[in-house]
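The primary structure of each chain is shown beneath.
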Amino acid sequence: LESAGSLTLQRVTGDKKYTDKIGFDFKATAASTCVVSGCSESQVFSVADFSTNYCNMRMMYCGSAEGCKPVLHDFGVTESSVSPSFGASHDPSACLKVVARPLEFLN
């Protein structure tokens, strides 16, 4: 859902067990800059989220300087504050972890 100055999304996990709701608000500031505020919330009770909600948001705006691969635009980001809920974490390195899977060979 998109409206003037805001964007609402949801993310469903690969196993389709969990849904997180994500919201962003945008405010134009000086020339060619803006302030983005956001919130990501698990739709089930969750205390130790291993940075999942933080990464839900971060992966929408991080650029090549942070080790991400932007889809359309690569822009600079300054993260000024993060306020996680109780038990939640905000570890940027957790957002780029790749799970190693054993190689499968076709016969």
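Throughout, a residue's number is its position along its own chain's written sequence, starting from 1. Reporting in this predicted model follows two pLDDT cut-offs: at least 70 for local features of residues, and 80 or more for side-chain atom pairs to be given and counted; totals over whole chains, interfaces and linings ignore these cut-offs and use all residues. The side-chain numbers reported here are obtained from all heavy atoms of the structure, hydrogens and water having been left aside.

### Remarks on the overall build of the protein chain
Put simply, DSSP H or I for four residues or longer makes a helix, DSSP E for two residues or longer makes a strand, and each gets a number counted from the N terminus. A tally of regular secondary structure across the protein chain gives 1 helix and 4 strands. Helices and strands in the protein chain line up, N terminus first, as β-β-β-β-α. Working definition: with a 1.4 Å probe on protein chains only, accessible area under 20% of the residue-type maximum means buried, over 50% means exposed, and in between means partly exposed. Taking all 107 residues of the protein chain together, the buried fraction comes to 18%. Contact definition: two residues touch when any of their heavy atoms are within 4.5 Å. A separation threshold of at least 6 residues defines the contact pool for the protein chain, and within that pool the share at least 24 residues apart is 36%. Computed with a 1.4 Å probe, the accessible areas rest on the Shrake-Rupley method; for each residue, only the protein chains presented here act as cover. Split by element, the accessible area of the protein chain, about 8,600 Å² in all, is 58% carbon and sulfur.

### Observations regarding unusual backbone geometry
Despite not being glycine, Lys16 shows a phi value in the positive range, around 65°. Among the secondary structure elements, Lys16 is positioned in the loop between strand 2 (6-12) and strand 3 (19-28). In this structure, Ser51 is a non-glycine residue whose phi angle is positive, near 70°. Along the chain, the position of Ser51 falls in the loop between strand 4 (34-42) and helix 1 (52-61).

### So, the state of the cysteines
Disulfides are defined in this document as cysteine sulfur pairs within 2.5 Å. As enumerated under the stated definition, the model contains 2 disulfides in all. Here Cys55 connects covalently by a disulfide to Cys95, the sulfurs 2.1 Å from one another. Judged by the sign of its S-S torsion, about -85°, the cystine formed by Cys55 and Cys95 is left-handed. Taken together, the residues span a long stretch of sequence, with Cys55 in helix 1 and Cys95 in the segment after helix 1 at a distance of 40 residues. Take Cys55 and Cys95: they sit in the same class, and that class is buried. Here the bonded cysteines of the protein chain are numbered in sequence order, and their pairing is 1-4, 2-3.

### Brief notes about helix 1
Every buried residue of helix 1 is accounted for by Asn53, Tyr54, Cys55, Asn56, Met57 and Arg58. Residues of helix 1 that are buried in the fold lie against strand 2, strand 3 and strand 4.

### Things to note about the pattern of salt bridges
Think of a salt bridge as a Lys or Arg side-chain nitrogen and an Asp or Glu carboxyl oxygen that are within 4 Å of each other. Tallied over the full model, the rule gives 2 salt bridges. Residues Arg58 and Glu79 are paired through a salt bridge, measuring 3.3 Å at the closest nitrogen-oxygen approach. In this pair, Arg58 is assigned in helix 1 and Glu79 in the segment after helix 1, connecting sequence segments 21 residues apart.

### Notes on a nonpolar patch on the surface
A cluster of nonpolar side chains, contributed by Phe45, Val47 and Phe86, occupies part of the molecular surface with about 420 Å² of accessible area. Looking at the element boundaries, Phe45 is found in the loop between strand 4 and helix 1. Only residues whose relative accessible area exceeds 30% and that form no salt bridge are eligible for patches; like-charged ones are grouped when within 9 Å, while nonpolar side chains (Val, Leu, Ile, Met, Phe, Trp, Tyr) are grouped when within 5 Å.

It is worth stressing that arrangement in space is one thing and function is another; only the former is reported here.
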